[in-house]
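Close look at the chain arrangement
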Amino acid sequence: MRKDIITVTSPLLPNLESFKDLLEEIWESKWITNNGSFHKQLELALSKYLKVPYVSLFTNGTLPLITALQALRITGEVITTPFSFVATTHSLWWNGIKPVFVDIDPHNGCIDPNKIEAAITPRTTAIMPVHVYGTPCDTKAIQNIADKYGLKVIYDAAHAFGVEFNGESILNAGDLSTLSFHATKVFNTIEGGAMIMHDEKTKQRIDYLKNFGFANEIEVVAPGINSKMDEVRSAFGLLNLKEVDDSINKRQIVATKYREALRNTKGITYWNDIQGVRHNYSYFPIFVDTEEYGMSRDDLYTKMKRNNIYGRRYFYPLISTFSTYRGLPSATKENLPIATKLANEVICLPIHHLLGQEDINRVIDCIVNK
Ligand SMILES: *Cc1c(COP(=O)(O)O)cnc(C)c1O
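Model, not experiment: these values are computed from the prediction. (Residues numbered from 1 in each chain as written. Predicted model: local features only at pLDDT ≥ 70, side-chain atom pairs only at ≥ 80, totals over all residues. Heavy atoms only, no water.)

This part takes up helix α5 (residues 139-149). Turning to α5, its buried residues number three or more, namely Ile142, Ile145 and Ala146. Along the axis of α5, the buried residues cluster in a sector spanning 100 degrees; they form a single face. Every exposed residue of α5 that faces more than 90 degrees away from the buried side is listed here: Lys140, Asn144, Asp147 and Lys148. Phi turns positive, to about 65 degrees, at Gly150, one or two residues after α5. (Buried < 20%, exposed > 50% of the residue type's maximum accessible area, 1.4 Å probe, protein only. Helix = DSSP H or I, 4+ residues; strand = E, 2+ residues; numbered from the N terminus. Arc of directions from axis to C-beta.)

In structure tokens:
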């Protein structure tokens, strides 16, 4: 019997008939991009759902990072984490900024606030942390450091859609936060993203910046870029937003089952939910201790693949090891021992809204029964 492929994720898709209805509206209005009705509706709906004051939609999750650095006129050096998707550091590079890597906290994979101060120099202007896997960073400690040294904080919150701490959105932390709505994320608009800001003036400025800097028909107030979301994907997003809670609930069930089944497997560790946090279960990372488990991470990864189970080694290799960045003084293994260790141990297990009990059993069986 052929064993079906189990992928690490599966994109949330809106009901096709409902999408066709919205497409008909778009065809009728012939307004297909440039702040149309669905774009406006999705920004409003997202600000309500995410419990944030302002949302500006983008065409992907990388451009809001690049634009946020522009908007805050960040230069010089920015302190960031190597344990993320490359876009985090690339956004600095695209702005001519030098990334300074700081090691991560072994308990949540996020930048370790205790190690930030030692990395600050007179050229440091900002901190760019990542709520990796959707787990909140220690936003309080990070803000204290930022305030002490007069630094801006831009959160790459690409994984943190809908994540709350004590009832408040973690997207309200820092000066700006950015989201990705890529197909692989918990909430998607096929490709897409957003920036979260605290005040109307910043929202206006960002809206200009993502549309070439146009303030009106004849005035360009800044050297902006084009990173607008179109009407078709905005409509797609409006429909997916209705499904996302159900999808997160289904992911939570998968995570609970993994935790129960793997609790007593020697050499396999995972993180538990944090009290007070509304998690989005976007990823389920496990960490493989070669000696204790009796098999290396890569051997388990390959074994899973042979069984048609496609986990992903997020985030391996570390960003700091890629050719663009490995020459940086902060990119050494000695500076990043925890990030290096987790990158060498991690496998993100399949987790999504369509994963059934049989699939879950197959994944667990592959890990537990060596
Ligand atoms: C997905 C992702 C991005 C980039 O988002 P795109 O929408 O693919 O451009 C940035 N940062 C992190 C941490 C991501 O996971």
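Structure's up, so let's keep going.
What follows concerns the domain arrangement of the protein chain. One can read the domain layout of the protein chain as domain 1 (16-241) and domain 2 (244-368). Once you take the C-alpha centre of each, domain 1 and domain 2 turn out to be 25 Å apart. Facing the 41 residues of domain 1 at the interface are 35 residues of domain 2. Across the interface of domain 1 and domain 2, roughly 3200 Å² is buried in total on both sides, 66% from carbon and sulfur atoms. The largest contributions to the domain 1 side of the interface with domain 2 come from Phe101, Tyr133 and Val186, which together make up 24% of the buried area. (Domains from an automatic or database assignment. Contact = heavy atoms within 4.5 Å. Buried area = accessible area lost by both parts, 1.4 Å probe.)

Here the focus is the side chain of Lys303. Note that Lys303 resides in helix α9 (residues 297-306). Lacking a salt bridge, the buried Lys303 has Asp365 as its closest oppositely charged neighbour, with an N-O distance of 7.3 Å. If we ignore the near neighbours within four places in the chain, the residues touching Lys303 are Met295, Cys366, Asn369 and Lys370. (Lys, Arg positive; Asp, Glu negative; His and termini not counted. Salt bridge = Lys/Arg side-chain N within 4 Å of Asp/Glu carboxyl O.)

Attention now goes to the sheet that holds strand β12 (residues 277-278). Reading across from one edge, β8-β7-β12 is the order of the three strands in this open sheet, with antiparallel pairing throughout. Where the open sheet ends on each side, the last strands, each with one partner, are β8 (168-169) and β12. (Pairing = 2+ DSSP bridges.)

Within strand β6 (residues 152-156), four of the five residues are buried, leaving the element largely enclosed by the surrounding structure. Relative to strand β9 (residues 176-180), β6 runs parallel, the two being bridged by three bridges. The residue of β9 that forms the bridge with Asp156 is Thr178.

As a further point, take the pattern of salt bridges. Applying the stated criterion to the full structure yields 17 salt bridges. The salt bridge involving Glu43 is made with Lys203; its shortest N-O contact spans 2.6 Å. A residue pair is termed long-range when its members are at least 10 positions apart, and Glu43 in helix α2 (residues 37-50) and Lys203 in helix α6 (residues 200-209) qualify at 160 residues. Of the residues examined, Glu43 reaches a relative accessible area of 10% and is grouped as buried. What makes Lys203 buried here is its relative accessible area of 12%. In this structure, the salt-bridge partner of Arg259 is Asp273, at a minimum N-O distance of 3.0 Å. Placement of Arg259 in helix α7 (residues 231-262) and of Asp273 in the loop between β11 (268-270) and β12 is noted, with a sequence separation of 14 residues between them. A relative accessible area of 34% places Asp273 in the partly exposed class.

Let's shift gears to the state of the cysteines. Under the definition given, this model contains zero disulfides. A disulfide-free cysteine, Cys137 has its sulfur positioned 3.7 Å from the sulfur of Cys110, the nearest such atom. According to the relative accessible area criterion, Cys137 is buried, its value standing at 6%. For the unlinked cysteine Cys348, the closest cysteine sulfur is that of Cys110, found at 13 Å. (Disulfide = S-S within 2.5 Å.)

Right, let's get into the site of the ligand. Close to the ligand lie 14 residues, the nearest being Gly61, Thr62, Asp156, His159 and Lys185. Within the side chain of Lys185, a nitrogen or oxygen atom sits 3.1 Å from an oxygen atom of the ligand. Across the complex, the protein chains shield 92% of the 380 Å² of accessible surface that the ligand would expose by itself. (Near = heavy atom within 4 Å. Polar contact = N/O pair within 3.5 Å; in protein donor to acceptor, adjacent residues only side chain to side chain. Areas by Shrake-Rupley, 256 points an atom, 1.4 Å probe, with all protein chains shown as cover.)

Think of an α-helix as 3.6 residues a turn; residues three or four steps apart then line up on the same face. Counted at 1.5 Å a residue, the expected span for helix α11 (residues 357-368) with its twelve residues is 16 Å, and the 16 Å between its end C-alpha atoms agrees. Burial in α11 covers these residues: Ile360, Arg362, Val363, Ile364, Cys366 and Ile367. (Expected span 1.5 Å × (residues − 1).)

The next subject is the sheet that holds β11. Reading across the sheet, the three strands line up as β11-β13-β15 and stay open at both edges, with antiparallel pairing between neighbours. Looking along the sheet, the strands with just one partner apiece sit at the ends: β11 and β15 (346-349). When strand polarity is set aside, the average angle formed by the axes of neighbouring strands in this sheet is 35 degrees. Examined bridge by bridge, strand β13 (residues 284-288) and β15 share four bridges and lie antiparallel to one another. Looking at β15, one finds that Pro285 is bridged to Cys348. Contacting β11, β13 and β15, α7 crosses the sheet at an angle of about 20 degrees to β13. Its contacts with the sheet place α9 against β11, β13 and β15, and it is angled at close to 25 degrees to β15. (Axes fitted to C-alpha atoms, helices over the stretch in contact; angles between N-to-C directions.)

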